[in-house]
Amino acid sequence: RNGGSNATTRALHDLLIKEADAVMAAAKNGSAWEAWFRTGDPFAPFDDSEPTGTSHLIRHGVDIGEAFKVGPLKWRASNATDDLNNTKAAIEWADAWLGMPDGMYFGDEE
């Protein structure tokens, strides 16, 4: 159910808030996926020795694809418009940075 009206949904929301962006928040820039999809540059210089591994996450196709669903999953419990709009921001970001002429996206699989 929407809005976090039961214990299971509330537990899911709490888990997502604490864990979905945990690595992103621990990074040097202290970001979150939602912020990354608004302003992130996957081609900016990076440091693979960065201890949280964020520099890998923000360029890795599978991690980026999984992050597309973070906002809507949060929304199921929070009902916050920003959470729901995260996928739109993610798709717009992917279109701008990762889009290919055939409509597919490319991603680094280092």
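What counts, and where the lines are drawn
- Residues numbered from 1 in each chain as written.
- Predicted model: local features only at pLDDT ≥ 70, side-chain atom pairs only at ≥ 80, totals over all residues.
- Heavy atoms only, no water.
- Buried < 20%, exposed > 50% of the residue type's maximum accessible area, 1.4 Å probe, protein only.
- Helix = DSSP H or I, 4+ residues; strand = E, 2+ residues; numbered from the N terminus.
- Arc of directions from axis to C-beta.
- Contact = heavy atoms within 4.5 Å.
- Salt bridge = Lys/Arg side-chain N within 4 Å of Asp/Glu carboxyl O.
- Core = buried A, V, L, I, M, F, W, Y, C linked by side-chain atoms within 4.5 Å.
- Phe/Tyr/Trp six-rings, centres within 6.5 Å; stacked < 30°, edge-to-face > 60°.
- Axes fitted to C-alpha atoms, helices over the stretch in contact; angles between N-to-C directions.
- Parallel < 35°, antiparallel > 145°, perpendicular 65-115°, else oblique.
- Left-handed = near helix turned anticlockwise from the far one by under 90°.
- Nonpolar A, V, L, I, M, F, W, Y, C, P; charged D, E, K, R; others polar.
- Expected span 1.5 Å × (residues − 1).

Student: Explain helix H6 (residues 70-78) to me, using residue names and the numbers behind them.
Tutor: Owing to its 3.6 residues per turn, the α-helix brings residues three or four apart onto one side. Residues Val70, Gly71, Lys74 and Ala77 constitute the buried set of H6. Buried residues of H6 fall within an arc of 125° about the axis and therefore sit on the same side. In this structure, the buried residues of H6 make contact with helix H1 (7-20), helix H3 (33-39), helix H5 (61-67) and helix H7 (81-98). Backbone geometry just downstream of H6 places asparagine 79 in the positive-phi region, at approximately 65°.

Student: Explain the pattern of salt bridges residue by residue, including any values.
Tutor: Enumeration according to the criterion identifies 1 salt bridge in this entry. A salt bridge links lysine 88 to glutamate 92, with the shortest nitrogen-to-oxygen separation between them at 2.5 Å. Within this pair, lysine 88 and its partner glutamate 92 are both found in helix H7, separated by 4 residues, close to a single helical turn. Using a relative accessible area of 52% as the deciding quantity, one classes lysine 88 as exposed.

Student: Give me the nonpolar core: which residues, what numbers.
Tutor: One finds Trp33, Trp36, Phe37, Ile64, Phe68 and Trp93 to be the most contacted residues of the largest nonpolar core, which totals 14 residues. Elements with a minimum of two residues in this core: H3, H5 and H7. A total of 5 residues in this core trace back to one element, the largest contributor, which is H7. Once residues within four sequence positions are removed from consideration, isoleucine 64 is found in contact with Trp33, Phe37, Leu57, Ile58, Arg59, Trp93 and Leu98.

Student: Summarise the packing of aromatic side chains; cite the residues concerned and give the values.
Tutor: Evaluation of the coordinates by the stated rule reveals 3 aromatic pairs. The rings of Trp36, Phe37, Phe68 and Trp93 are connected pair by pair, giving a single aromatic cluster.

Student: Can you explain the packing of H1 against H6? Please cite residues and give values.
Tutor: Relative orientation of the contacting elements H1 and H6 amounts to 140°, with a least axis distance of 8 Å. If you check the angle between H1 and H6, you find them oblique. In this structure, H1 crosses over H6, and the sense of that crossing is left-handed. Only Val70, Leu73, Lys74, Arg76, Ala77 and Ser78 of H6 make contact with H1, whose side of the interface consists of Thr9, Arg10, His13, Leu16, Ile17 and Ala20. Looking at side-chain class alone, the contact of H1 with H6 contains 6 nonpolar, 3 polar and 3 charged residues.

Student: Just give me the short version of H1, but keep the residues and values in it.
Tutor: For H1, spanning 14 residues, the distance from its first C-alpha to its last is 19 Å, which sits close to the expected 20 Å at 1.5 Å a residue. Buried within H1 we find Thr9, His13 and Leu16. The buried side chains of H1 occupy one side of the element, clustering within an arc of 65° when seen end-on. The exposed residues of H1 that point more than 90 degrees off its buried face are Ala7, Thr8, Lys18 and Glu19. Residues of H1 that are buried in the fold lie against H6.

Bear in mind that shape data such as this cannot, by itself, settle questions of function.
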